[in-house]
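# Secondary and tertiary structure notes
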Amino acid sequence: DAKTTQPNSMESNEEEPVHLPCNHSTISGTDYIHWYRQLPSQGPEYVIHGLTSNVNNRMASLAIAEDRKSSTLILHRATLRDAAVYYCILRDAIKAAGNKLTFGGGTRVLVKP
Amino acid sequence: NAGVMQNPRHLVRRRGQEARLRCSPMKGHSHVYWYRQLPEEGLKFMVYLQKENIIDESGMPKERFSAEFPKEGPSILRIQQVVRGDSAAYFCASSPPQGASYGNEQFFGPGTRLTVL
């Protein structure tokens, strides 16, 4: 399975944007890039996903490099509620193994008031 | 639409006892996944089930652990003869019938925190 690499932690001030990088240099053509987050003492929740084009939704934006070897999750205005561990995950669109989520260490985001 | 339900939320067992964790998927979802999060560690996939079928159990320990998702009722993760190392948070997730496709998100429950004394 292609792996992802994320910084262990990042800090941000409230109301400021947060850019969370993810490296996935061995990504295959059929891998989708998914982001989930886990708030303290809760189950993970889906944030966003994409294949090649940048994506926007209510929660965040996903910027995908042209060669797809890296991506960046963007939280436009961090709030205290965004403090969580953010996971970048590759999911294969073809193989059955793509049904499961393979979580790495993620990036722990701390938001300062 | 209610989310994924898990019960109990907290479960305490003594070594050697059995633990039964229940997961009710979201309405209309027929795919269930179980994950385990050991203290201070990341989430690890355990098993993927569809109604009455185990699709992928590559993450399940070889002994003492079993899972089912019957035609009626919740999915059950059963741990027999629990040991202290089984203490962890167990999360269930569900996805809709087209859940085998790449794009469908998994919806997670709040987890069951198992403590083995």
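Preceding this section is the structure that the text describes.
Presented here is a report on the structure given in the accompanying data block. It should be emphasised that the depicted structure is a prediction, and the values quoted were computed from it without experimental measurement. (Residues numbered from 1 in each chain as written. Chains lettered and ligands numbered in written order. Predicted model: local features only at pLDDT ≥ 70, side-chain atom pairs only at ≥ 80, totals over all residues. Heavy atoms only, no water.)

What follows deals with the packing of aromatic side chains. Evaluation of the coordinates by the stated rule reveals nine aromatic pairs over all chains. Taken together, a centroid distance of 5.0 Å and an interplanar angle of 85 degrees make the contact between A:Y87 and A:F103 edge-to-face. Taken together, the residues span a long stretch of sequence, with A:Y87 in strand β8 (residues 84-92) and A:F103 in the loop between β8 and β9 (107-112) at a distance of 16 residues. These aromatic residues form a ring-pair network of at least three members: A:Y36, A:Y46, A:Y87, A:F103, B:Y35, B:F45 and B:F108. (Phe/Tyr/Trp six-rings, centres within 6.5 Å; stacked < 30°, edge-to-face > 60°. Helix = DSSP H or I, 4+ residues; strand = E, 2+ residues; numbered from the N terminus.)

Once that is clear, we can look at the interface of chain B and chain A. Each side of the interface is counted separately: chain B has 21 residues, and chain A has 17 residues. Counting across the interface, chain B meets chain A through zero salt bridges. Those elements giving two or more residues to the side of chain B that touches chain A turn out to be β4 (31-37) and β5 (43-50) of chain B. (Contact = heavy atoms within 4.5 Å. Salt bridge = Lys/Arg side-chain N within 4 Å of Asp/Glu carboxyl O.)

This part covers the pairing of strand β2 (residues 18-23) of chain A. For a regular strand, the rule is simple: side chains alternate between the two faces of the sheet. All names here are of chain A. Covered by surrounding structure in β2 are V18, L20 and C22 only, the residues H19, P21 and N23 on the alternate face being uncovered. Bridging between β2 and strand β7 (residues 70-75) involves six bridges; their strand directions are antiparallel. The partner of P21 across the bridge, within β7, is T72. (Buried < 20%, exposed > 50% of the residue type's maximum accessible area, 1.4 Å probe, protein only. Pairing = 2+ DSSP bridges.)

Let us look at the sheet that holds strand β3 (residues 19-24) of chain B. Note: strands within a sheet are paired through backbone hydrogen bonds, in either parallel or antiparallel orientation. Residues and elements named next belong to chain B. With respect to topology, four strands assemble into an open sheet ordered β1-β3-β8-β7, the strand pairing being antiparallel. Two strands in the sheet have a free side with no partner beyond their single neighbour: β1 (5-7) and β7 (65-68). Neighbouring strand axes in the sheet, compared pairwise and without regard to direction, differ in orientation by 15 degrees on average. Alignment of β1 against β3, held across three bridges, turns out to be antiparallel. By the bridge assignment, N7 is partnered in β3 with R22. (Axes fitted to C-alpha atoms, helices over the stretch in contact; angles between N-to-C directions.)

Here we come to the pattern of salt bridges. All names here are of chain A. Applying the stated criterion across every chain yields a total of seven salt bridges over all chains. Between R77 and E15 there is a salt bridge, and its shortest N-O distance comes to 2.0 Å. Of this pair, R77 sits in the loop between β7 and β8 while E15 sits in the loop between β1 (9-13) and β2, and the two are 62 residues apart along the sequence. Judged by relative accessible area, which is 55%, R77 ranks as exposed. By sharing partners, the salt bridges in this structure join R37, E45 and D82 into a single network.

The omega angle of the peptide bond from B:N7 to B:P8 is -5 degrees, so this bond is cis rather than trans. The phi torsion at A:S41 lies on the positive side, around 60 degrees, for a residue other than glycine. Its location among the elements puts A:S41 in the loop between β3 (31-38) and β4 (45-50). Positive phi is not limited to glycine here, since B:Q81 has a value of about 45 degrees.

In short, shape yes, function no, at least from these values alone.
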